[in-house]
Every structure is written in structure tokens, then in C-alpha cells.
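Fold and geometry: a report
The lines below spell out each chain.
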Amino acid sequence: MKLSRYLPILDWGRSYDGAALSNDMMAAVIVTIMLIPQSLAYALLAGLPPVVGLYASILPLMAYALFGTSRTLSVGPVAVVSLMTAAAAANIAESGTPEYLAAAIALAAISGLMLVTMGIFRLGFLANLLSHPVVSGFITASGIIIAASQLKHLLGISASGESLVEIVEALAANVSETNPNTLAIGLGALGFLVWVRNGLKPLLRRIGLGPTAADFATKAGPVLAIVATTAIVAGLGWDKQGVRTVGEIPVGLPPFALPDFDLGLWRELLVGALFISVIGFVESVSVAQTLAAKRRQGIDPDQELVALGASNLASSFSGGFPVTGGFSRSVVNFDAGAATPAAGAFTAVGIALASLFLTPLLYYLPLATLSATIIVAVLTLVDLKKPVELWQYSKRDFIAIMATIILTLVDGIETGVLTGVSLSLALFVFHASRPHAAIVGQVPGTEHFRNVRRHAVICAPNVMTIRVDEALTYLNSRWLEKTVLGDIASNPEVEHLVLMFSAVNGVDASGLEVLETLNRRLADAGVTMHLSEVKGPVMDRLRRTHLLKELTGEIFLSQNDAFEALAPEAGVNGYLSKPDITPESRETGR
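Below: a short report on this structure. Being a predicted model, the structure only gives us computed values, none of them experimental.

Reading guide: rules and limits
Residues numbered from 1 in each chain as written. Predicted model: local features only at pLDDT ≥ 70, side-chain atom pairs only at ≥ 80, totals over all residues. Heavy atoms only, no water. Helix = DSSP H or I, 4+ residues; strand = E, 2+ residues; numbered from the N terminus. Buried < 20%, exposed > 50% of the residue type's maximum accessible area, 1.4 Å probe, protein only. Phe/Tyr/Trp six-rings, centres within 6.5 Å; stacked < 30°, edge-to-face > 60°. Contact = heavy atoms within 4.5 Å. Patch = residues over 30% accessible without salt bridge, like charges linked within 9 Å, V, L, I, M, F, W, Y side chains within 5 Å. Areas by Shrake-Rupley, 256 points an atom, 1.4 Å probe, with all protein chains shown as cover. Salt bridge = Lys/Arg side-chain N within 4 Å of Asp/Glu carboxyl O.

Re unusual backbone geometry
Its identity as a non-glycine residue notwithstanding, R122 has a phi of 55°, on the positive side. Positionally, R122 belongs in the loop between α6 (98–120) and α7 (132–149). Taking relative accessible area as the criterion, R122 reaches 43% and is therefore assigned partly exposed. Its identity as a non-glycine residue notwithstanding, E533 has a phi of 55°, on the positive side.

Here it is, written out as C-alpha cells:
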């Protein structure tokens, strides 16, 4: 097997040229400017010293450049994973303590090992257990919790809590202690960042600035907010008047050290690390696939597991916390023209230089500014339109997304995700146990057969055709048996039953047993059972059974062949069905 399968850099690196270098360098400059304030802010969100965010934005990017398959994914701290890190580490120690930091670093190590193991054994498909409604609901609820959790820094008060209810109660209890200077800085930064996101670029374009320069200025908005508010606090001495600042940040590159390998600690963090791994992978691979499709490129999800695992291990070895692919950073990286994962490596160099030379300038940076940065970023994750759309499209998915949102807001992250996944699987099993099946007839003048309840089709009194629209499994086979026998009992003139298998992709042992039972029971009732449009792989398996030898009827290549053979005079003796399904009742009609 090619080594480039596990080290994609050996693939794209062979064709790396000056043009790719130029594009990657430009993208790296833009992403670095964006990533510096994000890294500081997301470390704050995770309950960690801001410098830890810089540490988590250097070696992980280097690791992804070696192992990643996406040309434009940007790895680093992200809002949702930072919130999950805080929730998991809070079970071990209080924020701000060495034990808390050790727990966050251990989370990165455990998550990294889990992801690498899943990648080696090609277990990326396990992420499919998280349905899109569950992920969407979780991210929406997380965005609301994150925004609410940052209000304490905008107000300059103390408040804590894992759920929205706890956070709101804490804010209400301490709102009287609001620091007016902190509130002024926080609201000012928040308003400025909202305006930058929505209004700065159009303004710059109107005054004649080019699209690239205008986009660059817009991405630098958070940096401008940091510079302005830091200067205000330092110049007016507001840090001595209760405005909380970042304070002293250690100068230098991340320290290389092994994470704490305490088995008791790891055992307590396993569940949290698993959630971080799966949620992070789903978020990352979704972004990577979307961006790759725009350039007609592809990614390898299983190798992405290895790449994200290596990135998290690299973060843990350099004093960082869990990381994953970020949506906003990756989109900026893509729009800036990044050609290869080397852009991430160059970004890491930029962050390293910032750690060496810029950190002393951040002493007076107010926490309220970082909180405003987080709030503006995470509110884009909140999608309250999705539940409305799902209510109209799928009640099952609506239940899943609402349960995830409500329980995440009320009882925290782990409860919300577990409930969402469990409910999705339960609803899927329930749906699979009641497959769609329809009595069909011939569309006049054609060889097509459609549902008698939806279309005016030709039917023969002595022939009933039931189209089965699901694979026959242990979940639904008994339901199908009951349905078929019920339909036959309601139509005593029927002499032939045709099971139309055009949509049946498989028949398991339980499904086979039901088919054999139906064949015998229908024969006892004087009804001959036939099959039509059986797919090749299904037929191959049926040939290894006794069913085809004992089948009372025939197997027809097409449903039209079956209808012509069993009801040759249907055009004369048959009748047209009368559709009875209205648009409002289509979901419940068979």
C-alpha cells in the first residue's frame, strides 16, 4: 500500500511549486490575523489561560499538514469543542487550577488516541450515528449556551453554570455588581464586531477599495477591536477600576511535555473525550467535504480521523487542549486561496511568532473584548429556522432536533447529545419496523405501476400487486406479513398476489422466513404468490434457499410482464382506482 495513503503530504508535496507557495503564504497571513484573537478567546471559553489557545494553534496545524487530506481545512480551537472541554474538565477540578489544565491537556491526548484508533480501523462510519438534526440541534444549543456564558465577562461579574438555566440564574443573582467600564468596553466591542461582519466590507467597496483588500480588512476586525480596547484600558487605567484583563502571558513557544497519564483521571475523562472526538470529527469532516466539493477535490474520512487524532496528540504534547477543523477559519483559508495544507503550517509559524513577540502587548487586553469576539462568532452557529423547516418536512427529525436543543440547554451537553442520538435511533427503528408498502396498478397506456391511492390506475379484480419499498429485515418482516394478509382478507376475489421487489435491496433470515410463511398461508387460502422485479443480489441469495422451489407462483422480470400474464383482459374487465390521498395526508398514506 502506498505510504502517501497515510502521509498525504507525499502526494501533494511532489507537485508543490511557487504558485502554490504564494497562495499558501497569503492565506496563512489572513488566517493568522483571524486565529490569534480566536485562539485567545476560545481558551478563555474553555476556562484556560489565554496563552493555551496559542499553544493549541501551533503544533496541531503542523500535524494536520502532514496527515490531513483536505487542502483547505484549518485546524485549531473551536467554540463547541472548547465548551465541551470546559464541561468535561469542570468535573475534575475548578477552572484556573493546575489540575484543571492537566485535565484539559489529558482530554486532548485521549481524544487524539481515540481518533487515531478509529482511523486505523476505518471506523469513520460510526459518526453516522449522529444524525444531521441531532448535530444541528446540539450546535444551536451550544451556541446559545456559549453566548450566555460570556455575558459575565461583558458585565464584569462572576457567574458560572453548565446549562442555560444555571447560567441565567447566576447572571440574575450577580447583575447588580456590573462594572460600568467593563460593560462599556464589552458593548462597544460587540457593536463594532457586528458592524464589521455585516457592514464594513460593503462600505469599503463603495469607497473604492478592491475586493481582496476589503475582505482582508473585514477579517482583521477582531484585531482592530483588540488593539483599540487594549489601548483604552491601558491609557485610562481601567484595569485598576475593576476591568478584568488577560494579564501577563508567558513569552515563548509551547513547552513540550507529556500529558498526565493518571489512569483514574483518564477513566473520568473517557466519556467527555468520546463526545469531543465524535462531535469534532463530524464538524470537521463536514466542513472539509463542503470545501473540497467546491474545487472538485475529495477527502478520505478515515484518514481525516488519523489527521485529527495526530493534531490532538500534538496539542496535548505542547500544553494545548482539544482541537478540530473550524468552519469560519477554513472558509477564510479557502477564500484566501490556500492551495495545500502547507497554508496551515505557515499559519502555525505566524502563531509561533506572535507567541514570541506579541504576547507582552496583550497584558491590558480586556476579557470583555474576547467575550465579544466569541459571542459574534458563535451566534452564526445558532439556526432557529431549522426546527421550523423540519416540522414541515419530517416530524421524526423535528422531535430529535427539539429534544437535543431543549435537553442541552436545560441539562448540559452530555445529556443533550445522548438523548438526541438515542431518540434518533429509536425513531429510526420505529420507522424501519413500519416500512412503506403500497397496492399498485398500471398507469393507463404505459408499463408503469403506481400507488392506487395516489393515481387513477388500472387494477384487475383477481390480481393484487403490493410494492414493498424497504429491505425485508427482522424489524419489519412481521409487519409486512400482517399487512399482506390483511389486504388479502379484505379482497376475497383475489387469486394472485404479486410482491413487487423493485425497491427491496436485501432480505435477511427473518424476511425469508416471512416470505416462506406467506407462500404457505396464501396457498392454503387459494391465492398464488408471485415475485416481480427482484434485484440480482437479492435473487442470488434466494436461489440458495428453498423458497424458489416451493413458490406457488412465478418470478417475473418486470411488473408489466406479471400483469399481462396474470390479468390479460384487465383492459376490459379491470377498473380504475380512485385516489384518496390529499396533499395534507400524503405522509400517512401507503
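Quick notes on the packing of aromatic side chains
To describe a pair of aromatic rings, you give the distance between the ring centres and the angle between the ring planes. Evaluated as defined, the whole model comprises 7 aromatic pairs. An angle of 70° between the planes, with centres 4.9 Å apart, marks the rings of W391 and F398 as edge-to-face. Here the aromatic rings of F449 and F563 are separated by 5.5 Å at their centres, their planes lie at 80°, and the arrangement is edge-to-face. Of the two residues, F449 is situated in strand β4 (residues 449–451) and F563 in helix α25 (residues 559–566); the sequence distance between them amounts to 114 residues.

Observations concerning the environment of A567
With respect to the helices and strands, the residue A567 is situated in the loop between α25 and α26 (570–573). According to the relative accessible area criterion, A567 is buried, its value standing at 9%. When neighbours within four sequence positions are excluded, A567 is seen to be in contact with A460, N462, V463 and A562.

Concerning a nonpolar patch on the surface
Side chains of L59, M62, L253, F256, V349, L353, L356, F357, L358 and L361 sit close together on the surface and give an oily, nonpolar patch of about 950 Å² of accessible area. Of all the secondary-structure elements, those providing two or more residues to the nonpolar patch are α4 (59–67) and α16 (342–357). For the nonpolar patch, the element with the highest residue contribution is α16, accounting for 4 residues. In this fold, V349 is placed in helix α16. Relative accessible area serves as the criterion here: at 40%, V349 is assigned to the partly exposed category.

Keep in mind that these numbers describe shape and distance, not what the molecule does.
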